[in-house]
Amino acid sequence: MSLIVDTSKCKGCEECLASCPFDAIVMKEGKAIINEYCQVCMACVGACPEGAITEVEREAPKSADIDAHKGVWIFAEQRSGKVASVAYELLGMGRKLADALNTELSAVLFGATGSAAKELIRWGADKVYKSDDPIFEKFNDEPHAQLLTSLIREHKPEIVLAGATPLGRSFLPRVAARLRTGLTADCTGLAIDDNTRNLLQVRPAFGGNIMATILCPNNRPQMATVRPRVMKRGKYDEGRNGEVIPVKSEGLSSRTKVIETVKEVSDFTINLQDAEIIVSGGRGLGDPQGFKLIGELAGLLGGAVGSSRAAVDAGWIPYRHQVGQTGKTVCPKIYLACGISGAVQHLVGMQSSDIIIAINKNPEAPIFNVATYGIVGDLYEIVPLLIKKIKGIKGIA
Amino acid sequence: MNIVVCMKQVPDTAEVKINPETGTLIREGVPSIINPFDMHAIEAGIQIKEKVGGKMTVITMGPPQAEAALRDGIAMGADDALLLSDRAFAGSDTWATSYTLSKAIEKLSADIIICGKQAIDGDTAQVGPETAEFLNIPHISYVRKIEDVSENSIRVQRMMDEGYDVVESAFPVLLTVVKELNEPRLPSLKGKMVAKKAVIRKWALSDITADENNLGLKGSPTQVKNIFTPEARSGRRMLEGTPEEQVDALIRELRGIKCL
């Protein structure tokens, strides 16, 4: 798909110029021309009073190879031998896609131990391709990319999904580059187009301001990374049978070397992007001690601790807790914002959370515009009270 | 040491608004900025140059007006700037962008290539690693600290979910960097003067050796099918009363939806 200007309709009013977020429209001889920086965001289509800007489908030959690709694959990421939670979510979604396509669901597992492969089958996989090569004990991009690429070339799946985690988002691009196929980052929705059997990949863009549906119609496999905690797990079936296929891993090599893996001891250990509940603090905390209170509430709820950029910049909490445009994008079930005013840069990182609770002194704070529940008040009054009452409910003295 | 820093001019997404009637982006008054992560990439490049010596080139693929971003890179301390611009690059997705960038970087024979973790308009974080693959060199993502850099190799901290990895690589290597890495410097007055007068090199398709089938819209495996606005959040409830009443109301709501 691309956009063109019908020069017979264009009156040269220049309305479209200002509408383009990419500065992709220029005037030439009194007519608008869309240049190479067009990202097909469609902003100009509505802006043109003459209706002179239209979409054109691009014609690209379908690769003859497309029909040879069958099956849905998920990459089951593991950390220290333990399969990451997102892998089970991918199996839940993968099962639906595979059923819609009437095909098999397979998982790919590198460097896992024990019963991990069997667990993947119980969560919905028909097959598990498994490598125990010791090279996978530490994460290096190249061997991951090498082996996944060669497995895809050999078995030709039509869809390959991985978690949009630091690991998945780092090595999957190398696989897509090698296979000359599309990779859609950080998807929040996936479905099959019944007519074409294409994968419809929905993802946020422009910091969550808009959503885009992405297609990869002419190349296979269709690849996507999927945001953790968005897809639901399927049904766990202890008696489910499947096939575990050991794969050969010859000739793998890595030019990067992991010298050391350091787990950072933090008062708040739960990973932000995996958390179902996030309690976040901002400038309104007033000082670094405020995070003790935030941490206590988060701990009580079994959640993670987040923060606004202001609190990170003030040095109250490490950067990896930062939510927002230059931090992490999160979408927990509950996001509790304490003393966060809600600058747009923060909102774009958390506004897709299921439930947002905002506690702020200022009734005009923009955080209330996205809140499900708003409390205007002093967080140092509200939060301790909340902690006390939750403890009461949970029977903790 | 040949250092190449990739940068991108992006609309400040925090300023982007949606027209609720048409569901399209409102561009008016939205400034173009250097992708914030790229500022940290530039700073990292300058620091490496200061330590081991060498030459630093900033490169961008973008419209003619992206030249302004390159000048800012020179003002901060880059020695050279290269603008990749051609109609043939139109509508590139991450695959085609990475392919095109790699074809230009190939000619620069870089020892180290530094990119921001991701650009804030697309947030894909894919162009860095894909470019490394096209160049057939290793890459290290989410670099949050450079522990050591010498003439031949580099040792960095890579941010992971629950901590970090210390990772080492020989050159050439591509790094993608996070904000925590450094504090980008402000351009000096002298730097600004140099940037004003600098001649920005411009490369078009004819200046690189590339397969035209891999460029622009035609070379892009992914297509945007449609764009829509996320469902607006609705049904906000302000919880009124004394702090005690507010907290009780919140707990009732949370229990009602079985979150407590």
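Everything numeric in this text was worked out from a predicted model, so none of it was measured.

1. Here we look at the overall build of chain A
Piece 1. A count of helices and strands for chain A gives 11 helices and 22 strands.
Piece 2. If you line up chain A on its principal axes, its C-alpha atoms span 65 × 65 × 40 Å.
Piece 3. By the burial criterion, 53% of the 397 residues in chain A qualify as buried.
Piece 4. For chain A, the share of sequence-separated contacts (at least 6 apart) that also reach a separation of at least 24 residues comes to 65%.

2. So, the overall build of chain B
Piece 1. Each helix and strand in chain B was counted, giving 7 helices and 15 strands.
Piece 2. If one aligns the C-alpha atoms of chain B with their principal axes, the spans along those axes are about 65 × 45 × 40 Å.
Piece 3. Within the span of chain B, comprising 260 residues, buried residues form 53% of the whole.
Piece 4. Across chain B, every contact between residues at least 6 apart in sequence was considered, and the portion connecting residues at least 24 apart equals 71%.

3. What to know about the interface of chain B and chain A
Piece 1. Counting residues at the interface gives 83 residues for chain B and 87 residues for chain A.
Piece 2. With 8 residues, strand 11 (residues 163-170) of chain B is the largest single contributor of residues to the side of chain B that touches chain A.
Piece 3. Residues of the side of chain B that touches chain A, tallied by class, amount to 38 nonpolar, 23 polar and 22 charged.
Piece 4. Note that strand 22 (residues 373-376) of chain A and strand 15 (residues 237-238) of chain B share 2 bridges and pair parallel. Bridge pairing in strand 15 of chain B places Gly374 of chain A opposite Met238 of chain B.

4. Digging into the sheet that holds strand 16 (residues 243-246) of chain A
Residue and element names in this part refer to chain A.
Piece 1. The strand order across the open sheet built from 7 strands is 11-15-10-5-8-9-16, with neighbouring strands paired in parallel fashion. Of all strands in the sheet, those with a lone pairing partner are strand 11 (183-187) and strand 16, marking the two edges. Across this sheet, the average inter-strand angle for adjacent strands is 20°, counted without regard to direction.
Piece 2. Relative to strand 15 (residues 222-226), strand 11 is paired through 3 bridges, and the arrangement is parallel.

5. Focus on the environment of Glu104 of chain A
All names here are of chain A.
Piece 1. Relative to the helices and strands, Glu104 resides in the loop between helix 3 (85-101) and strand 8 (105-110).
Piece 2. C-alpha of Glu104 to C-alpha of Ala125: the two residues are 21 residues apart in sequence and 8.0 Å apart in space.
Piece 3. Not counting residues within four places of it along the chain, the set of residues in contact with Glu104 comprises Gly71, Ala98, Asp126 and Lys127.

6. A short note on the environment of Arg220 of chain A
Residues and elements named next belong to chain A.
Piece 1. Tracing the backbone shows Arg220 in the loop between strand 14 (210-215) and strand 15.
Piece 2. Judged by local crowding, Arg220 falls into the buried class, with 26 C-beta atoms found within 10 Å.
Piece 3. Distance from Arg220 to Ile159, taken between C-alpha atoms, is 7.4 Å for residues 61 residues apart in sequence.
Piece 4. Among residues more than four places away in sequence, those in contact with Arg220 are Asp65, Ile66, His69, Glu158 and Thr181.

7. Structural notes on the environment of Gly168 of chain A
Residue and element names in this part refer to chain A.
Piece 1. Its location among the elements puts Gly168 in helix 6 (residues 166-179).
Piece 2. For Gly168, a count of 24 C-beta atoms within 10 Å puts it in the buried group.
Piece 3. Measuring from C-alpha to C-alpha, the distance between Gly168 and Leu252 comes to 18 Å, with 84 residues separating the pair along the chain.
Piece 4. Setting aside residues no more than four positions away along its own chain, Gly168 makes contact with Phe75, Glu77, Ala162, Gly163 and Thr225.

8. Some words on the nonpolar core
Buried together is how nonpolar side chains tend to be arranged in soluble globular proteins.
Piece 1. In this structure, Val108, Leu109 and Leu120 of chain A together with Val5 of chain B are the most contacted members of the largest nonpolar core, which totals 147 residues.
Piece 2. For this core, the domains that each give at least three residues are domain 1 (2-56) and domain 2 (66-246) of chain A.
Piece 3. For Val5 of chain B, the residues in contact, after removing those within four places along its chain, are Ala41, Ile42, Gly45, Met56, Val58, Gly73, Ala78 and Ile114 of chain B.
Piece 4. Ranked by size, the runner-up nonpolar core spans 49 residues in total, among them Val279, Val305, Leu347 and Ile375 of chain A.

9. Regarding unusual backbone geometry
Piece 1. The residue after Arg220 of chain A, namely Pro221 of chain A, is reached through a cis peptide bond having omega -5°.
Piece 2. The topology assignment puts Pro221 of chain A in the loop between strand 14 and strand 15.
Piece 3. Residue Pro172 of chain B is bonded to the preceding Phe171 of chain B through a cis peptide linkage, with omega at 0°.
Piece 4. Position of Pro172 of chain B among the secondary structure elements: in the loop between strand 11 and strand 12 (173-177).
Piece 5. Even without glycine at this site, Asp186 of chain A takes up a positive phi of about 60°.
Piece 6. The exposure class assigned to Asp186 of chain A is buried, which follows from the 24 C-beta atoms found within 10 Å.

10. Some thoughts on the packing of helix 2 (residues 67-76) of chain B against helix 5 (residues 189-197) of chain B
Residues and elements named next belong to chain B.
Piece 1. Closest axis-to-axis distance for the helix 2/helix 5 pair is 7 Å, and the angle between their directions is 140°. Taken together, helix 2 and helix 5 sit at an angle that is classed as oblique. Handedness of the crossing formed by helix 2 with helix 5: right-handed. Packed against helix 2, whose contacting residues are Arg71, Asp72, Ile74, Ala75 and Met76, the element helix 5 presents Gly191, Lys192, Val194 and Ala195 at the interface.
Piece 2. Looking at the contact of helix 2 with helix 5 residue by residue, the class counts come to 5 nonpolar, 1 polar and 3 charged.

11. Details of the confidence of the model for chain B
Piece 1. Overall, the predicted model of chain B reaches an average pLDDT of 92, with 96% of residues at or above 70.
Piece 2. Reported for the predicted complex are a pTM of 0.86 and an ipTM of 0.92.

12. A short note on the domain arrangement of chain A
Residues and elements named next belong to chain A.
Piece 1. Taken domain by domain, chain A consists of domain 1 (2-56), domain 2 (66-246) and domain 3 (272-394).
Piece 2. Of note, the centres of domain 2 and domain 3, computed from C-alpha atoms alone, are 32 Å apart.
Piece 3. The partner domain 3 presents 8 residues to the 7 residues of domain 2 that form the contact.

13. Regarding the sheet that holds strand 14 (residues 223-228) of chain B
Piece 1. Here 4 strands make up an open sheet; going across it, the order is 12(A)-13(A)-14(A)-14(B) and the pairing antiparallel. Each edge of the sheet is formed by a strand with only one pairing partner; in this case those strands are strand 12 (189-192) of chain A together with strand 14 of chain B. Averaged over all pairs of adjacent strands, the angle between strand axes in this sheet comes to 25°, irrespective of strand direction.
Piece 2. The pairing of strand 13 (residues 199-205) of chain A with strand 14 of chain A spans 5 bridges and is antiparallel. Note that in strand 14 of chain A the partner of Pro204 of chain A across the bridge is Met211 of chain A.

Conventions used here
- Residues numbered from 1 in each chain as written.
- Chains lettered and ligands numbered in written order.
- Predicted model: local features only at pLDDT ≥ 70, side-chain atom pairs only at ≥ 80, totals over all residues.
- Helix = DSSP H or I, 4+ residues; strand = E, 2+ residues; numbered from the N terminus.
- Buried ≥ 20, exposed ≤ 12 C-beta atoms within 10 Å, placed from the backbone.
- Contact = placed C-beta atoms within 7 Å.
- Nonpolar A, V, L, I, M, F, W, Y, C, P; charged D, E, K, R; others polar.
- Pairing = 2+ DSSP bridges.
- Axes fitted to C-alpha atoms, helices over the stretch in contact; angles between N-to-C directions.
- Core = buried A, V, L, I, M, F, W, Y, C linked by C-beta atoms within 7 Å.
- Domains from an automatic or database assignment.
- Parallel < 35°, antiparallel > 145°, perpendicular 65-115°, else oblique.
- Left-handed = near helix turned anticlockwise from the far one by under 90°.
- pLDDT = per-residue confidence, 0-100.

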